Amino acid sequence: MSKSINQIQDEIIEEFEMFDDWMEKYEYIIDLGKELPLITEEKKTEDRLIHGCQSRVWVASEMTDTHLVFTADSDAIITKGIISLLIRVLSNQTPKDIVTSELYFIGKIGLQEHLSPTRANGLVGMINRLKSDGLKQLTP
Amino acid sequence: MSEFNVNQIRTDFPILKESVNGKPLIYFDNGATSQKPKPVIERISSYYTHENSNVHRGVHFLSDQATNAYEQARTTIAHYINAPRSQEVIFTKGTTDSINTVAFSIGETLKPGDEVLISGMEHHSNIVPWQMLCERKGTVLKVIPVTPKGTLDLDAFDALLSERTKLLSIIHISNTLGTINPVEYLIGKAHQVGAKVLLDAAQSIQHLPIDVQALDCDFLTFSGHKVFGPTGIGILYGKKEVLDPLPPYQGGGDMIDQVSFEKTTYNGLPLKFEAGTPNISGAIALGAAFNYLTSIDLRGAFKHEHTLGTYLRARMREIPGVRFIGEAPETSSTLSFLIGDVHPLDLGTLLDKQGIAVRTGHHCTQPLMKQFNIPGTVRASLAFYNTTEEIDQFIVAIERSMHMLS
């Protein structure tokens, strides 16, 4: 049985509690980017590009029987780490769970500043994209 | 006036004592906006505490006071830029508003086929208003190319000038490249073909002495907030003989002489271009910013800033893989750069976590980014309250960030 969205969020919160320095946190985020399930090059199309980011971020999703699986990439390393965190939480979950999820881990690990609508790295755009991909599966 | 002492000057800017992410703030984003000295901050407060009233229509004491302070600010600014008459200094919302005012008003006098000349290093605010004018009036936009070093191609400029050129609208110092353009040459040449010249001084008013009579520009535009004043206030200077025949930009209160449903006549300068209740506190506080500048050893301040700019470039050259975007012989203390293939956003984020404010991205100069074939840059832009110690810390922070990113 795979972990629920909230179990994974709690796991991430626990991991980030180890760091008391911002630079350590970002070092870890950069490392997490290396674990990102990468989108294939041919899927890096305009419609999979998330607008509103200073860096370029592509997200693709694919349904298995019941679960939605995400892949992504970015040309910025920190953005790659952040999308990797989001995908770790939301990938391999049911579309319904993805759409209704409340992503409290972002605030808990101190990334809430990235949620401001004008923030250049477009975390809001990424979350919206993941959730709207989930929603598409629910609305035939 | 005492000799310029950066540590003394820093005490005038309260925000410089702030901490960011647990680190002392190093503010290297002065190209975006400057910090405010105490006299400016206090002037806003004292205006609202003691003088607040509407201007230009008062029979009462407070309105007189507010009007006097507002007009005094105009005079202060006129003196600072050496405008012959204070009525040639118009309060606007900022550089963008100033350029749009000129684009609209002079635009009404242009015919299809008339040409407006700008350059490839303009800020979007000195591109889009002219494109809108061209759509409205059938005028033609011409662009002076930028060389790989980040300077204007002056041969191309000479070739682009003709009797069709009605206006040259040009940036004095590039907000992205730091290039100081040879504006005396450009203005002289443009005048030879009878073109008017708008000089966008948004990035030069805070770095160089500006004398509109020596420059002989027809218009000069800048924003208050980049020259230690508040946001939402800016200046359009225009020669009286050039502004007088132009139609007003916006209609409303203050800009009229007589209003009737049959025929409305307009006020004279400067109010003709100041429709509606202006940003009174902003104008007065901008006056305070210029009073502040004339109260310090400004020559020493500019010299210090020049030294900082040179030091920044020298220290940055030590960074392996660094590439400067803009290597003009004459530059301001603004430096755009990239390091290896590191994304500007990554570097900007990590610098922020170390207490350092820089700008990343295209800096509202997308055509320039396209020319250099880059998505953006990291830009450090200094002011006279910055220090060489801050530059040293900046270099250390870059080295630490690069260690993490590569």
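Residue numbering note: each chain is counted from 1, following its sequence as written. Here every chain gets a letter starting at A, and every ligand a number starting at 1, in the order they are written. Side-chain atom pairs in this predicted model are given and counted only at pLDDT of 80 or more, local residue features only at pLDDT of at least 70, and totals for whole chains, interfaces and linings cover all residues. To get the side-chain values, all heavy atoms of the structure are used, and hydrogens and water are removed first.

Our next topic: the overall build of chain B. Segments assigned H or I by DSSP are reported as helices when at least four residues long, segments assigned E as strands when at least two residues long, and all are numbered from the N terminus. Helices and strands together make up the secondary structure of chain B, namely 14 helices and 17 strands. Radius of gyration means the value over C-alpha atoms here, while the globule rule gives 2.2 Å times the residue count to the 0.38 power. Its C-alpha radius of gyration of 22 Å places chain B within 12% of the 22 Å reference for a compact globule of 406 residues. Oriented by its inertia axes, the alpha-carbon framework of chain B measures out at about 70 × 55 × 35 Å. The contact rule is simple, with two residues in contact once any of their heavy atoms fall within 4.5 Å. The contacts of chain B with a sequence gap of at least 6 include a subset with a gap of at least 24, amounting to 71%. Computing the positive centroid from 35 side-chain charges and the negative centroid from 42, chain B places the two 2 Å apart. The convention is simple: Lys and Arg are positive, Asp and Glu are negative, and His and the chain ends are not counted. Here the site of a charge means atom NZ of a Lys, CZ of an Arg, CG of an Asp or CD of a Glu.

A word on the pairing of strand β6 (residues 140–144) of chain B. Residue and element names in this part refer to chain B. Strand pairing follows a simple DSSP-based rule, namely that at least 2 bridges must link the two strands. Where strand β5 (residues 115–119) lies against β6, five bridges are found, and the strand directions are parallel. Opposite Ile118, over in β6, you have Val143 as the bridge partner. Consider the strands pointing away from the viewer: the crossover is right-handed when the path from the first strand over the helix to the second runs clockwise. Chirality of the crossover, the property in question, places the unit of β5, helix α5 (residues 128–137) and β6 among those that are right-handed.

With that settled, the discussion passes to the packing of aromatic side chains. Any two rings among Phe, Tyr and Trp, with Trp reduced to its six-membered ring, count as a pair given centres within 6.5 Å; such a pair is stacked if its planes are under 30 degrees apart, edge-to-face if over 60, and tilted if neither. If you walk through the whole model with that rule in mind, you get 20 aromatic pairs over all chains. Pairing Phe13(B) with Tyr292(B) gives two aromatic rings, centres 5.8 Å apart and planes at 85°, and the pair type is edge-to-face. Within this pair, whereas Phe13(B) is found in the loop between α1 (6–10) and β1 (19–20), its partner Tyr292(B) is found in helix α10 (residues 280–295), the two being separated by 279 residues in sequence. Taken together, the aromatic side chains of Phe4(B), Phe13(B), Phe228(B), Tyr292(B), Phe384(B) and Tyr385(B) make up a single cluster linked through ring pairs. In our convention, an over-ring charge means Lys NZ or Arg CZ found within 6 Å of a ring centre and within 35 degrees of that ring's normal. It is Lys25(A) that lies over the ring of Trp22(A); its NZ or CZ is 4.4 Å from the centre. Here the guanidinium or amino end of Lys44(A) rests over the ring plane of Trp58(A), the centre of that ring lying 4.9 Å away.

The next thing to look at is the sheet that holds strand β10 (residues 234–238) of chain B. Residues and elements named next belong to chain B. Pairing is mixed in the open sheet, where seven strands are placed in the order β4-β10-β9-β8-β7-β5-β6. The sheet is open, and its two edges are formed by β4 (89–92) and β6, each paired on a single side. Recorded for the sheet is a direction-independent mean angle of 20° between the axes of neighbouring strands. Sheet topology places strand β9 (residues 219–223) next to β10; five bridges connect them, and they run antiparallel. Angular values range over 0 to 180 degrees, each being the angle between N-to-C directions of two axes fitted as lines to C-alpha atoms, with helices fitted over their stretch in contact.

Ranked by internal contacts, the top residues of the largest apolar core, which has 75 residues, are Ile81(B), Leu220(B), Phe222(B) and Phe384(B). The greatest single-element share of this core, amounting to ten residues, is contributed by α10(B). Listed in part, the 65 residues of the second largest apolar core include Leu130(A), Phe28(B), Leu351(B) and Val358(B). Working definition of a nonpolar core: buried Ala, Val, Leu, Ile, Met, Phe, Trp, Tyr and Cys residues. They are joined through side-chain atoms within 4.5 Å. Three exposure classes are used, based on accessible area relative to the maximum for each residue type with a 1.4 Å probe and protein chains only: buried under 20%, partly exposed in between, and exposed over 50%.

With that settled, the discussion passes to the domain arrangement of chain B. Residue and element names in this part refer to chain B. Under the domain assignment, chain B is made up of domain 1 (6–30 + 297–405) and domain 2 (41–294). Measuring from the centre of the C-alpha atoms in domain 1 to the corresponding centre in domain 2 gives 28 Å. Of the residues lining the interface, 33 residues belong to domain 1; the matching set on domain 2 comes to 28 residues. Two parts lose some accessible area (1.4 Å probe) when they are put together, and adding that loss for both gives the buried area. Here domain 1 and domain 2 share an interface that buries about 2500 Å² over both sides, 59% of which is from carbon and sulfur atoms. Of all residues in domain 1, the largest losses of buried area upon contact with domain 2 belong to Phe302, Cys364 and Leu368, amounting jointly to 20% of the total for that side. The salt bridge definition used is simple: a Lys or Arg side-chain nitrogen within 4 Å of an Asp or Glu carboxyl oxygen. At the junction of domain 1 and domain 2, the tally comes to zero salt bridges. A 3.5 Å cut-off defines polar contacts: any pair of N or O atoms within that distance qualifies, except that in protein one atom must be a possible hydrogen donor and the other a possible acceptor, and neighbouring residues in sequence count only when both atoms are side-chain atoms. At the surface where domain 1 touches domain 2, the tally comes to 14 residue pairs in polar contact (both at pLDDT 80 or more). Elements with a contribution of two residues or more to the side of domain 1 that touches domain 2: α11 (298–317), β14 (334–339) and α13 (366–372). For the side of domain 1 that touches domain 2, the element with the highest residue contribution is α13, accounting for six residues. An automatic or database domain assignment provides the domain bounds reported here.

As a further point, take the interface of chain B and chain A. At the junction of the two partners, chain B supplies 15 residues and chain A supplies 17 residues. Its largest share of buried area at the contact with chain A, chain B owes to Leu345(B), Lys353(B) and Met404(B), together 38% of the area lost on that side. Scanning the region where chain B abuts chain A turns up one salt bridge. Between Asp21(A) and Arg400(B) there is a salt bridge, with the nearest N and O atoms lying 3.8 Å from each other. Here chain B is connected to chain A by three residue pairs in polar contact (both at pLDDT 80 or more). In terms of residue count, helix α12 (residues 344–353) of chain B provides more of the side of chain B that touches chain A than any other element does, six residues in total.

Turning next to the environment of Pro39(B). All names here are of chain B. You can see Pro39 is positioned in helix α2 (residues 38–51). Along the chain, Pro39 and Leu199 lie 160 residues apart, while their C-alpha atoms are 28 Å from each other. Discounting chain neighbours no more than four positions away, the residues touching Pro39 are Ala288 and Tyr292.

This next bit is on unusual backbone geometry. Residue and element names in this part refer to chain B. Geometrically, the link from Leu269 to Pro270 is a cis peptide bond, its omega value of -5° lying close to zero. Tracing the backbone shows Pro270 in the loop between β12 (265–266) and α10. Within the chain, Asn21 stands out as a residue other than glycine whose phi angle is a positive 50°. Along the chain, Asn21 falls in the loop between β1 and β2 (23–24). By relative accessible area, which is 27% here, Asn21 ends up partly exposed. Despite not being glycine, Asp216 has its phi angle at roughly 65°, a positive value. Within the secondary structure, Asp216 is located in the loop between α8 (212–215) and β9. What makes Asp216 partly exposed here is its relative accessible area of 33%.

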